[in-house]
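If you want the building blocks of each chain, they are given just below.
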Amino acid sequence: MLVAMGNCPVNMPVSRRVAAFSALLMGAAPLALAPAAAQTAPAGPASAGPASAGPAAAVPAAQPEPVRIIRSLNVSGNERLEPDTVRSYVDLRAGEAYDRERLDRALKALFATELFTGETQIRDDGDGNITIEVRENPVINRVIIEGAKRIKEDKIREEIKVGPRQIFTRSRARADVGRILELYRRGGRFAARVEPKIVQLEQNRVDLVFEISEGPKSKVRQINILGNEKFSDSDLRGEMATKQARPLRMFTSNDTYDPDRLAFDQQKLRQFYLTQGYADFRVVSSIAELTPDRRDFIVTYVVEEGERYKFGKVDLESQIRDIKADSFKTLLPMKTGDWYNAKQVEDTIDGLTEAVGLLGYAFADVRPNFDRDKDKQEMNVTFLVNETPRTYIESVTINGNTRTRDEVIRREFRLAEGDAFNSIKVKRSRDRIQSLGFFQEKLEVQQQPGTASDKVALQVDVQERPTGSLQLSAGFSSLEQFIFSFSIEERNFRGKAQQLRLSANISSYSRSVEIGFTEPYLLGRNLALGFDVFRRDFNSFRFGANNERNTTYEQVTTGFQVRVGTAITEFWQAQLRYGLSVDEVSLDETIFFSPDPITGIPECDPLLAGRFLCEALGKNTTSSIGYSLVNDTLDNRLRPSRGQRLVLNQDLAGLGGTVKYLRTRVNYDRYFRLPANFILNLGGEVGNIIGLGGEDVRLVDRFYLGEPRFRGFGIRGVGPRIIRKPYDAQNNIIENEDTWVDDAIGGQNYYLARAEVEIPLGSGGRELGLRPSVFVDVGALWKVKVPELIDQPSVQVPVLDGDGNPVLDPDGNPITQTQFGFVEQAFGNSSSPRISVGFGVSWNSPFGPFRFDIAKALRKVEGDDDQIFQFNVGTQF
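Remember, it's a predicted structure, so these values are computed and weren't measured experimentally.

1. Overview of the sheet that holds strand E14 (residues 365-373)
Turning to step 1, where the next piece is worked out: Pairing is mixed across the open sheet formed by 3 strands, whose spatial order is E13-E15-E14. The outermost strands of the open sheet, each flanked by one partner alone, are strand E13 (310-318) and E14. Strand-to-strand, the axes of this sheet are offset by a mean angle of 15°, without reference to chain direction.
Turning to step 2, where the next piece is worked out: As judged from the 7 bridges shared by E13 and strand E15 (residues 378-386), these two strands associate in the parallel manner. Across the sheet, residue Ser 318 finds its bridge partner in E15, namely Val 385.
Turning to step 3, where the next piece is worked out: Contacting E13, E14 and E15, helix H9 (residues 342-358) crosses the sheet at an angle of about 150° to E14.

Okay, structure coming up:
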């Protein structure tokens, strides 16, 4: 039976039950019941007559309560507790004197144990026989949480204190209700309600049920700002982390009410005004009020802007002998007359501290001294570099690496014991350890005082992360349509940072299997050695009538590659590689072959396949040697926000084998962190391939350009191509693109440049993994030896019967029909830039990585294939 928490004896009068229930809800213990003997006044001396005998009748004097002695102290109603245990809670003993006040204190002592309900009483028969009638609080059988959806049940159970096999009390239940409500308030749900209920069970046990009504998230309906004159409300709201609730903010949580975020907004307002020169700005008050419907909040800030200041005298003083103030004044960006900017002062302190750290002063103390001139509204600033001793590295300690070996981490340090301290090298060491990808994201190298004043100890506390991955994925893309892939990889094999991987991919147009291994430090030296063995099957395609894809040639490649790499400097790496592969290019003989007129042997028919495809057929061996030079200063290899990466690749084929070429590629990316957390990426790549020994570059070795690298254009949509246009019966070209056959034949030169700005989102967008961006792409692909083009006019041919004989009309003349011809035309062999602009979003969705782009080709040349929408999605299971 489900009952409310306020239980009262059923044999108690109604008025008494209501009073006791109210007292329980208020947290008060009911008063002790009067002893039976005390319900009748004790007899006094006989009166002279009735009380109504006359106005002069004597009023009896108040008699003191007689002192009684406890003859016996009995306990009843106890189930789990022993009588002696109950007696130990009260200050009553047989043979001692007692009165009503002492009985009340004893009853309160029983309630203070929280072991008994409000129905517990102490009875006195008037002769000193005391009976303690108890009703024990029930034992909790289980705690049930109902209605929790937005907050996981496990998280709620971590907050509450009651649990199974504990004694149930209303005070504990009320306290846990408060804890649950506080948990929901921290999540922005101030309309949440929690109702505790109990289910009575046998043997004085209960199930405690917390019924939760979560309600909607409390949002900030409106933000009011009072006292601002120099900046508008919208300008100031734009500086805050908290936003007003609007329908378009469905993907962000910044419009939910959060007291901590409101406190942060006050700091944001102050920082904004300080960067604009208002050194006296302050937030007078901030008030958050619930709306009448108790669903949302209205926040009001009262601000005092003050006067705007400019920089006055800006100076630098140094107490360190090796640091000359005049030499470091070039690091002071502010000038007299500039508007005061507190952020600029902070950045200057960081820059000076970093510069002093380069000279070995680990704990340099750079402090600004301010002298405010209110009359001139100027802020004079003097940067003081206090004297500190030159410090040296005493020790480097690594903690927490349960799997990764010490030497793997130590070799990433740019400092060793005994070296002079250098703050730049400490940061670089942190970045290199972080780039391993083996440890937590926010890794820090701590600097601690050493055993002497000129010693510093470096300590890094790491937390190992899983480095192995087993992935199965399936998806669909506009490039390869159906995709299925399997990969298993271990990036920290045996704790030595060795990489071992096995992968397989299947799509509508390609299949591949690859196994690889890399040893980053061969024999303890800064020398990486690795190899790859692979098998790749690729089915090329052409766009036929109605833009349908028709498979053309199939290329099957089997080979391996061995590579060796080393670091030249801190930011430059070099790699040498050798590869050997055998590939075979073939066509479907049932579609593209026809019998030789003389020998009858099926051969590739240029009329069916095209001369360029027939020339590409055959089996070839490629033996190549190559190198790469890499300059990498990115702050993060996965999601960079600043730095650059330059890669130069060259491969020479012809060390044996049948293929000879020299291929060169250069890739460059530069990242800039813009205001308001925007990130700008300027990047580009160029490529060139030339045939050696008088040989032409094969069709399968050329460059191709289009989706997904060049957004706004289709797959292989940019560059040289051959388009077959059909003739009609009168040998007029049919200018209908739906009837054309389009074959991209690649090029020997290309360039591609891009400018892309990543747009920051609120915490809600980051939680969803959304990364929107706008971009401009510019590129071109050209230079190819165009094969001899075919011009096959339409002709009349006789109709043949089943035996191959001409069919005759009634007059005995052969019946003919039109065999439609075609003409091949070359397009796109131009270095003229193609330009596209667009918008894209990357999304780490629950189904896997997703990317879509909407781009418009602003400039193209005849023959290019533009495409507005592109997407790619996969799923993991």
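Structure shown, so let's carry the discussion forward.
2. Here we look at the environment of Ile 722
Turning to step 1, where the next piece is worked out: Considering the arrangement of structural elements, one finds Ile 722 in strand E32 (residues 721-726).
Turning to step 2, where the next piece is worked out: The spatial distance from the C-alpha of Ile 722 to the C-alpha of Gly 863 is 8.7 Å, given a sequence separation of 141 residues.
Turning to step 3, where the next piece is worked out: Among all residues touching Ile 722, those that are not within four sequence positions of it are Phe 612, Val 741, Asp 742, Asp 743, Ile 745, Pro 787, Leu 789, Glu 824 and Gln 825.

3. Looking at the packing of aromatic side chains
To describe a pair of aromatic rings, you give the distance between the ring centres and the angle between the ring planes.
Turning to step 1, where the next piece is worked out: Counted under the stated rule, the structure contains 20 aromatic pairs.
Turning to step 2, where the next piece is worked out: Ring plane angle 65° and centroid distance 6.3 Å describe the contact between Tyr 89 and Phe 116, whose orientation is recorded as edge-to-face. Here the residue Tyr 89 occupies a position in the loop between helix H2 (83-87) and strand E4 (97-98), and Phe 116 occupies one in the loop between helix H3 (100-112) and strand E5 (121-124), the gap between them amounting to 27 residues.
Turning to step 3, where the next piece is worked out: Residue classification places Tyr 89 among the partly exposed residues on the basis of a relative accessible area of 28%.
Turning to step 4, where the next piece is worked out: Following the ring pairs from residue to residue traces out a cluster consisting of Phe 231, Phe 272, Tyr 273, Tyr 278 and Phe 281.
Turning to step 5, where the next piece is worked out: A cation sits over an aromatic face here: Arg 308 above Trp 339, 3.7 Å from the ring centre.
Turning to step 6, where the next piece is worked out: A cation over an aromatic ring shows up here: Arg 711 above the ring of Phe 775, its NZ or CZ 3.8 Å from the ring centre.

4. A few points about the side chain of Arg 711
Turning to step 1, where the next piece is worked out: The topology assignment puts Arg 711 in the loop between strand E31 (679-691) and E32.
Turning to step 2, where the next piece is worked out: Taking the relative accessible area as the measure of exposure, Arg 711 reaches 7% and is therefore buried.
Turning to step 3, where the next piece is worked out: Of note is the side chain of Arg 711, whose polar atom sits 3.5 Å from the side chain of Glu 756.
Turning to step 4, where the next piece is worked out: Engagement of the side chain of Arg 711 in a polar contact is seen with the side chain of Asp 777, the distance being 3.0 Å.
Turning to step 5, where the next piece is worked out: Apart from residues no more than four positions distant in its own chain, Arg 711 is found in contact with Arg 754, Glu 756, Phe 775, Asp 777, Ser 836, Arg 851, Asp 853, Ala 855 and Gln 870.

5. A look at helix H5 (residues 170-186)
Turning to step 1, where the next piece is worked out: Compared with the 24 Å implied by 1.5 Å per residue over 17 residues, the 24 Å span of H5 between its first and last C-alpha is a close match.
Turning to step 2, where the next piece is worked out: Residues of H5 that are buried: Arg 170, Ala 173, Asp 176, Val 177, Ile 180, Leu 181, Leu 183 and Tyr 184. Take H5 and look down its axis: the buried residues cluster within an arc of 155°, on one side only.
Turning to step 3, where the next piece is worked out: The inward-facing, buried residues of H5 contact helix H4 (153-159), strand E8 (193-201) and strand E9 (205-213).

6. Looking at the side chain of Asp 605
Turning to step 1, where the next piece is worked out: Along the chain, Asp 605 turns up in the loop between strand E27 (602-604) and helix H13 (606-609).
Turning to step 2, where the next piece is worked out: Of note is the side chain of Asp 605, whose polar atom sits 3.0 Å from the side chain of Ser 594.

7. Quick notes on the pattern of salt bridges
Turning to step 1, where the next piece is worked out: Applying the stated criterion across every chain yields a total of 50 salt bridges.
Turning to step 2, where the next piece is worked out: Across the salt bridge formed by Glu 101 and Arg 105, the nearest N and O atoms sit 3.5 Å from each other. Of this pair, Glu 101 and Arg 105 both sit in helix H3, 4 residues apart, which is roughly one turn of that helix.
Turning to step 3, where the next piece is worked out: Asp 347 is paired through a salt bridge with Lys 343; the nearest N and O atoms lie 2.9 Å apart. A residue pair is termed a helical-turn pair when its members lie 3 or 4 positions apart in one helix, as Asp 347 and Lys 343 do in helix H9 at 4 residues.

8. Details of unusual backbone geometry
Turning to step 1, where the next piece is worked out: With an omega dihedral of 0°, the bond running from Glu 707 to Pro 708 counts as a cis peptide bond.
Turning to step 2, where the next piece is worked out: Considering the arrangement of structural elements, one finds Pro 708 in the loop between E31 and E32.
Turning to step 3, where the next piece is worked out: We note that Lys 783 has phi near 70°; this positive angle belongs to a residue other than glycine.
Turning to step 4, where the next piece is worked out: Inspection of the secondary structure puts Lys 783 in the loop between strand E35 (770-782) and strand E36 (791-792).
Turning to step 5, where the next piece is worked out: Judged by its relative accessible area of 40%, Lys 783 falls in the partly exposed class.

9. Looking at helix H11 (residues 423-435)
Turning to step 1, where the next piece is worked out: Relative to the 18 Å expected for 13 residues at 1.5 Å per residue, H11 spans 18 Å between its end C-alpha atoms, a close match to the ideal helical length.
Turning to step 2, where the next piece is worked out: If you check which residues of H11 are buried, you get Ser 423, Val 426, Arg 428, Ser 429, Arg 432 and Ile 433.
Turning to step 3, where the next piece is worked out: Looking one or two places after H11, you find Gly 437, whose phi comes out positive at around 80°.

10. Some thoughts on the sheet that holds strand E11 (residues 282-290)
Turning to step 1, where the next piece is worked out: Pairing within the open sheet is mixed, and its 3 strands lie in the order E10-E12-E11. Each end of this open sheet is capped by a strand with a single partner; those strands are strand E10 (220-226) and E11. Between one strand axis and the next, the sheet turns by 15° as a mean value, whatever way the strands run.
Turning to step 2, where the next piece is worked out: Looking at chain direction, E10 and strand E12 (residues 297-304) are connected through 6 bridges and run parallel. If you follow Ile 225 over to E12, its bridge partner there is Tyr 301.
Turning to step 3, where the next piece is worked out: Across the face of the sheet, helix H7 (residues 259-275) comes into contact with E11 and E12 while running at roughly 30° to E12.

11. Notes on the state of the cysteines
Turning to step 1, where the next piece is worked out: Enumeration according to the criterion identifies 1 disulfide in this entry.
Turning to step 2, where the next piece is worked out: Here Cys 604 is linked by a disulfide to Cys 614, with a sulfur-sulfur distance of 2.0 Å. As the torsion about the S-S bond is roughly -75°, the Cys 604-Cys 614 disulfide counts as left-handed. With Cys 604 in strand E27 and Cys 614 in helix H14 (residues 611-616), the pair connects residues that are 10 residues apart, well separated along the chain.

Conventions and cut-offs
Here the residue index of a chain counts from 1 through its sequence in written order. Two thresholds apply to this predicted model, a pLDDT of at least 70 for residue-level local features and 80 or more for giving and counting side-chain atom pairs, whereas whole-chain, interface and lining totals are computed over all residues. Calculated side-chain values reflect all of the structure's heavy atoms, with hydrogen atoms and water omitted. At least two DSSP bridges between two strands are required for those strands to pair. Helix and strand definitions follow DSSP, with helices as H or I runs of at least four residues and strands as E runs of at least two, each counted in order from the N terminus. All axes here are fitted lines through C-alpha atoms, helices being fitted over the stretch that makes contact, and every angle between N-to-C directions spans 0 to 180 degrees. By definition, residues are in contact when any of their heavy atoms lie within 4.5 Å. Aromatic rings from Phe, Tyr and Trp, taking only the six-membered ring of Trp, are treated as a pair when their centres fall within 6.5 Å; an angle between ring planes under 30 degrees marks them as stacked, one over 60 as edge-to-face, and anything in between as tilted. Only protein chains enter the accessibility calculation, which uses a 1.4 Å probe; a residue whose area is less than 20% of its type maximum is buried, one above 50% is exposed, and one in between is partly exposed. A ring is considered to have a charge above it if a Lys NZ or an Arg CZ atom is located within 6 Å of its centre and within 35 degrees of its normal. For the purposes of these results, a polar contact is taken to be a pair of N or O atoms within 3.5 Å, where, inside protein, one atom must be able to donate a hydrogen and its partner to accept one; residues adjacent in sequence count only when each atom of the pair is a side-chain atom. Here the expected span of a helix is defined as 1.5 Å times the quantity of residues minus one. Here, the arc refers to the directions that run from the helix axis to the C-beta atoms. A side-chain nitrogen of Lys or Arg and a carboxyl oxygen of Asp or Glu constitute a salt bridge if their distance falls within 4 Å. What counts as a disulfide here is a pair of cysteine sulfur atoms lying within 2.5 Å.

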